[in-house]
Amino acid sequence: MVTAAEQGQETRAKLMAAAVELIAEQGWGAVTTRMVAERAGVRPGLVHYHFPSVTDLLVDASLQLARTEYDAVMAGVLAASGPAAMTQMLIAIGSYTGTDTATVAMSEMMLAATRHERLRIELGRFVAEARAAMTAWLREQGSTVDPEATAAVVLALVDGPILHRIIDPTLRAVNVTGPLLRAAGLTEIPDSEGISGDRTDECERTDD
């Protein structure tokens, strides 16, 4: 038997999933309480029962999405060493098409972070966590004399190609293997050629 707490958690999860979909489809500023409720299949009043406002819902949903996506990328990188770790990062980059829900919603989130302080602070907090984890990894590799600055550049190189594909899909054909390895202070290897193109097609995201 489902408890009231479990039912509440399920409703909250539905609302957050619906919010992410609508952010990607309609844009942050166009999402309304009624739209989210209809997409989630719940009464509009439940939106404000679980969240102080629709903006709070959008912020929480976006932060959950960003945390999930960043953690997925970083887990693959930090579990490997040397060029193999960067290969995992390239595979992660290649899985974002520029039209998938995650990419579009996160681009909307980053723009919204310039207007909503809580979103900016929370987003900045876990980006800093990712940067710290990458810095520690680079120190372990001993591949660069300035691991903190290098971590900032490498993580920016993750976001850049993903977001730019929204504007220019032809960037999927651009091989960023060499620049990413060099940015991390690692030696480029022949087997890394083409990772950002053909091999990433195998794990390309699709939205049902």
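Residues numbered from 1 in each chain as written. Predicted model: local features only at pLDDT ≥ 70, side-chain atom pairs only at ≥ 80, totals over all residues. Heavy atoms only, no water.

What should I look at first to understand the overall build of the protein in this one?
Scanning the protein from terminus to terminus reveals ten helices and zero strands. Counting from the amino terminus, helix and strand elements in the protein follow one another as α-α-α-α-α-α-α-α-α-α. When each of the 208 residues of the protein is scored for burial, the buried share is 42%. Intrachain contacts of the protein at a sequence separation of at least 6 include 68% that bridge at least 24 residues. Per element, the accessible surface of the protein, about 10800 Å² overall, is 54% carbon and sulfur. (Helix = DSSP H or I, 4+ residues; strand = E, 2+ residues; numbered from the N terminus. Buried < 20%, exposed > 50% of the residue type's maximum accessible area, 1.4 Å probe, protein only. Contact = heavy atoms within 4.5 Å. Areas by Shrake-Rupley, 256 points an atom, 1.4 Å probe, with all protein chains shown as cover.)

Is there a simple way to explain the environment of Leu123 in this structure?
Of note, Leu123 is situated in helix α7 (residues 117-141). On the basis of relative accessibility, which here comes to 10%, the residue Leu123 falls in the buried class. Taking C-alpha positions, Leu123 is 8.5 Å from Met110, a pair spaced 13 residues apart along the chain.

Would you mind showing me how to read empty space enclosed by the protein here?
Where empty space is left becomes clear once a probe the size of a water molecule has been rolled over the atoms. A complete count under the given rule lists one cavity of 30 Å³ or more for this structure. Each pocket or cavity is described by its volume, and for the largest cavity that value is around 150 Å³. Together, 14 residues line the largest cavity, and Tyr70, Met106, Val158, Asp159 and Ile162 are the ones closest to its centre. Secondary structure elements with two or more residues in the lining of the largest cavity: α4 (54-78), α6 (101-112) and α8 (147-167). Of the residues that constitute the lining of the largest cavity, the class distribution is ten nonpolar, two polar and two charged. (1 Å grid on protein atoms, 1.4 Å probe; cavity = no way out; pocket = protein on both sides within 12 Å on 5 of 7 lines; lining within 4 Å. Points joined across faces, edges and corners; volume = space filled by probe spheres on them. Nonpolar A, V, L, I, M, F, W, Y, C, P; charged D, E, K, R; others polar.)

I'm lost on the packing of α6 against α8 in this one. Help?
Packed helices, taken two at a time, are described by their axes: the angle between them and the distance between them. Taken N-terminus to C-terminus, the directions of α6 and α8 make an angle of 105 degrees; their axes are 10 Å apart at the nearest point. Classified by the interaxial angle, the pair formed by α6 and α8 is roughly perpendicular. When α6 is examined against α8, the residues Thr103, Val104, Ser107 and Met110 are found in contact with a partner set consisting of Asp159, Ile162, Leu163 and Ile166. (Axes fitted to C-alpha atoms, helices over the stretch in contact; angles between N-to-C directions. Parallel < 35°, antiparallel > 145°, perpendicular 65-115°, else oblique.)

I'm lost on the pattern of salt bridges in this one. Help?
Side-chain pairs of opposite charge can arise where the charged atoms are in close proximity. Following the criterion strictly, the structure yields ten salt bridges and no others. Measuring nitrogen to oxygen at the nearest pair gives 3.3 Å for the salt bridge that ties Arg118 to Asp56. In this pair, Arg118 sits in helix α7 while Asp56 sits in helix α4, placing the two residues 62 residues apart along the sequence. You can call Arg118 partly exposed: its relative accessible area is 36%. Overall, the relative accessible area of 21% leaves Asp56 in the partly exposed class. Put simply, Arg12, Asp56, Asp60 and Arg118 are held in one network by salt bridges that share partners. (Salt bridge = Lys/Arg side-chain N within 4 Å of Asp/Glu carboxyl O.)

What am I meant to see in α7 here?
Note that an α-helix has 3.6 residues per turn; residues three or four places apart therefore point the same way. For α7, with 25 residues, the first-to-last C-alpha span of 36 Å sits near the 36 Å given by 1.5 Å per residue. Looking only at α7, the buried set comprises Leu119, Leu123, Phe126, Ala130, Met134, Thr135, Trp137 and Leu138. Buried-residue contacts for α7 involve α4, α5 (83-94), α6 and α8. Gly142 occupies a position one or two residues after α7 and carries a positive phi of about 65 degrees. (Expected span 1.5 Å × (residues − 1).)

Looking at this structure, I do not really get the packing of α5 against α8. What am I missing?
Between α5 and α8, the shortest axis-to-axis distance is 9 Å and the interhelical angle comes to 20 degrees. One finds that α5 runs roughly parallel with respect to α8. Crossing hand, α5 versus α8: right-handed. Between α5, through Met86, Met89, Ile93 and Gly94, and α8, the contact on the second element is made entirely by Val154, Leu157, Val158, Pro161, Ile162 and Arg165. (Left-handed = near helix turned anticlockwise from the far one by under 90°.)

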